[in-house]
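Here's the letter readout for the chains.
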Amino acid sequence: MSTDQRKRELEEKRAKLEKMRQEKMLKNTPTTPMTPSFGSMPSSASGTTREDTDPDQILKEVGILQTASLPASSPSVSPGSAGATSASSSHQKHRPPSSISLQICQQTSATISVAPKELVTYSKEVQTIESGDKDPAASPIQHEHLQWDDEFPQPSAGERNQLVYVSDEDTMSFDENPKPSIGGMSLASVADLKRTRSLKQQNKQFSLQGQSSLTKQELTNEEREQIFKSEHFQDFFSRSSRLIERSLWESPQAFDIFKDYSGRDLDEQNEKMDVGEIIKFDREFFDERWTRHRIVTCIDTSTYHPELVLASYSQNDESTHESDGVVLIWNTKYKSKPTPEYVFNCQSWVTSCVFSKFHPNILLGGTYSGQIVVWDTRTNKRTPVQRTALSASSHTHPVYCLQVIGTQNANNLISISNEGKMCSWNIEMMTQPQESMDLAYRTKPVAATRMVFPGVEVNNFIIGSEEGQAYSGSRHGNKAGIQDSYEGHFGPITGLSCHNVNGSVDFSPLFLTSSFDWSVKLWSLKESKPLNSFEVNSDYVTDVRWSPVHPSVFLTCDITGRFDIWNLNHDSELPLLSTTLDGNVALNKCLWSHNGQQIILGDDQGKLRLYDVNEFLTNPKQDDFNKLSNTLQEFKRNTLDAFDDNHSSSVPSTTTTATASSTSVSHNS
């Protein structure tokens, strides 16, 4: 093969290779040109194997040049030697030249700009605030210690992509990509700086406008008065003042470190206990404005909130411009709080008051004028939200007793007055009574002073009268009205209390009465005569109350300031405790707390006194019920013996009288 033919063949192969290279380059993306390599070279072209390719050309294509190339022409050979030449040339194709010098040349290649990994860093100035500096979150107007990043020289590559805060009201910036710079400052930063400065001016103007809008003008006197009288402000102020008073007067509770929870001290109680061991004075409730020169007329406690005590007061004769009737709610939980929780007024002085058992926000009061009034703690009004009318169908005389009976779904308010009338009311509608009944015993009107429904009764009741007699009756049935009479007192009945302690023995028929005849009597609904009479007082006994937890304990008080705690299982002739208050005080009302752990006393000076009771009077033993049953049997035997003695002593006197009469007749004859 001649040299010219060989060259032509090589040129054709080179053209094919160039064409294949261009096609491959078109397939690749233009932004990532690849440097030629051995892997990119085709393995075959136009059906010719790689063995037919000139090694020199391949080396040239990859950038390796030879220092000495083959001669351009060779001497002509004879046709005989053509075969040898061809064989020798094919042998040379299979091995590289013996001496080849390599030279490395520089070739320009395209570069790819890859963005560095995003790195977000925070400076110490962002994370913490030095003392004396202002919090930018709390004061968004003044935080000049935070600066724009473009106000400083361009950061290095390691400091790029930092999250920085800007000064004043500017927003947060975030560097994402490196930017071309001019004179040490990026082109984008120049535009951003101009924009930032314009935003600073606008935000400063807005902040000045905001500060001027925050400065409100001073209210006029008329506007203040209108706000003070608004219902919303009154509700807010009333509730807030109570909360502040509670927090100010709240004191740590004193605990007894010697308290024995085993109960051994109860078994070792001495029968002759000191007054300080039985009761302990807790606190006194008195308000200089609302209770001074007033008499406590009634006391009640809440079933929903046992710490609340309701007290009604008479009129103040020393001050004519104040309301005649006052009702206060005191909180026994806060020992040092001197003011009441709520204050309510009425035009007529309040003779009786009670919490509604089934409405925690409702207070009920009976007045001297005969009206029944309703107060609501949810309102900001001190005056009644409802009141009954003065008509012949309701009361026209003083209402001395109120009681809520029934259940949550069906309940009524029962009231009595000393005109001899009992009325039943729906608390939600007090315009007219639902029922009205005249109290009379054998056609004789009964001027009632006290009333009670035993236990959970809603039909049977007991009342006390001004004549000194107690009566029992029923509201409905064939024999509606008063049915039985209990005679024994010689003065008006001032107190009436039923036995409501449940236990192994049923004592529900028992009730106590106090009277102006200086005595307290124990009764049973099954007996017309008293079971026993307690006559240790030297003046009017004003009230009596059974303990709500102990079967044999009750409390009495009189107008000399004396109050007694009795325990019938301990002694039936003398009280367990007898105490007289100092200061010439007359006690009008007494009451036990629901748990029996405290007693409340009301006097004629407008004061309530709270005493804590020893736990042995609040935790009855199992045999206390049996002991009381034995005590009652003893009372009945004593009553029968006294009746026999009186009957036997009356027989000789009758005989003597008859003999004297017959003697007188004989003498005359």
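This structure is a prediction, so every number in the text was calculated from the model and none was measured.

### Focus: the sheet that holds strand β16 (residues 421–425)
And then number 1: What the four strands build is an open sheet, ordered β14-β15-β16-β17; its pairing is antiparallel. In this open sheet, the two edge strands, each paired with only one partner strand, are β14 (399–406) and β17 (435–438). The sheet shows a mean angle of 15 degrees between the axes of neighbouring strands, direction not considered.
And then number 2: Relative to β17, β16 runs antiparallel, the two being bridged by four bridges. Its bridge partner lying in β17, Cys423 is registered against Ser436.

### A short note on the packing of aromatic side chains
How two aromatic rings sit relative to each other is set out by the distance from centre to centre and by the angle between their planes.
And then number 1: By the definition in use, this model includes 19 aromatic pairs.
And then number 2: A centroid spacing of 6.0 Å and a plane angle of 20 degrees characterise the contact between Phe233 and Phe237, whose relative ring orientation is stacked. You can see Phe233 and its partner Phe237 sitting in helix α7 (residues 231–249), four residues apart, about one turn around the helix.
And then number 3: Overall, Phe233 belongs to the partly exposed group, its relative accessible area being 23%.
And then number 4: Seen in terms of ring centroids, Tyr486 and Trp523 are 6.1 Å apart; in terms of plane orientation they differ by 75 degrees. Their pairing is edge-to-face. Residue Tyr486 is found in strand β23 (residues 481–486), and its partner Trp523 is found in strand β26 (residues 520–524); the two are separated by 37 residues along the sequence. Of the two residues examined, Tyr486 and Trp523, each falls in the buried class.
And then number 5: Feature note: the residues Phe534, Trp546, Phe554 and Trp566 constitute an aromatic cluster, connected by ring pairs.
And then number 6: The aromatic ring of Phe286 is capped on one face by Lys607, whose charged end is 5.6 Å from the ring centroid.

### A short note on a nonpolar patch on the surface
And then number 1: A cluster of nonpolar residues, Leu219, Ile227 and Phe228, forms a patch on the protein surface that exposes about 250 Å² of accessible area.
And then number 2: For Phe228, the location among the structural elements is in helix α6 (residues 221–229).
And then number 3: We classify Phe228 as partly exposed; its relative accessible area is 39%.

### Brief notes about the nonpolar core
And then number 1: Membership of the largest hydrophobic core comes to 20 residues, with the highest contact counts inside it found for Ile279, Leu555, Phe563, Ile565, Ile599 and Leu617.
And then number 2: Within the second largest apolar cluster, 18 residues are counted, among which are Val501, Leu510, Phe534 and Val544.

### Regarding the pattern of salt bridges
And then number 1: Tallied over the full model, the rule gives 17 salt bridges.
And then number 2: Here Arg6 makes a salt bridge to Glu9, at a shortest N to O gap of 3.8 Å. Residue Arg6 and its partner Glu9 are located together in helix α1 (residues 3–27), separated by three residues, close to a single helical turn.
And then number 3: With a relative accessible area of 26%, Glu9 lands in the partly exposed category.
And then number 4: The salt bridge involving Glu435 is made with Arg475; its shortest N-O contact spans 3.3 Å. Taken as a pair, Glu435 in strand β17 and Arg475 in the loop between β22 (470–474) and β23 lie far apart in primary sequence, 40 residues in all.
And then number 5: Given a relative accessible area of 33%, Glu435 falls into the partly exposed group.
And then number 6: With a relative accessible area of 12%, Arg475 lands in the buried category.
And then number 7: Salt bridges here are not isolated pairs; linked through shared partners, they connect Glu284, Asp603, Lys607 and Arg609.

What counts, and at which threshold
- Residue positions are given per chain, counting from 1 as you read along its sequence in written order.
- Reporting in this predicted model follows two pLDDT cut-offs: at least 70 for local features of residues, and 80 or more for side-chain atom pairs to be given and counted; totals over whole chains, interfaces and linings ignore these cut-offs and use all residues.
- In computing side-chain properties, one takes all heavy atoms of the structure into account and sets aside hydrogens as well as water.
- The rule for pairing is simple: two strands pair if DSSP sees at least two bridges between them.
- Starting at the N terminus, helices and strands are each numbered in turn, a helix being any DSSP run of H or I of at least four residues and a strand any DSSP run of E of at least two.
- Between the N-to-C directions of two axes lies an angle of 0 to 180 degrees, each axis being a line fitted to C-alpha atoms and, for a helix, fitted only over the stretch in contact.
- Between 30 and 60 degrees the pair is tilted, below 30 it is stacked and above 60 it is edge-to-face, where a pair is any two Phe, Tyr or Trp rings, Trp via its six-membered ring, whose centres lie within 6.5 Å.
- Three labels apply to residues, based on accessible area from a 1.4 Å probe with only protein chains included: buried if under 20% of the type maximum, exposed if over 50%, partly exposed otherwise in between.
- Remark: a charge is flagged as sitting over a ring if the NZ atom of Lys or the CZ atom of Arg is within 6 Å of the ring centre and within 35 degrees of the ring normal.
- Nonpolar side chains (Val, Leu, Ile, Met, Phe, Trp, Tyr) within 5 Å and like charges within 9 Å form the patches, drawn only from residues with over 30% relative accessible area and no salt bridge.
- For every accessible area listed, the method is Shrake-Rupley and the probe measures 1.4 Å; residues are considered covered only by the protein chains on display.
- Every case where a carboxyl oxygen of Asp or Glu lies within 4 Å of a side-chain nitrogen of Lys or Arg is listed as a salt bridge.
- Among buried residues, the Ala, Val, Leu, Ile, Met, Phe, Trp, Tyr and Cys ones that are joined through side-chain atoms within 4.5 Å form a nonpolar core.

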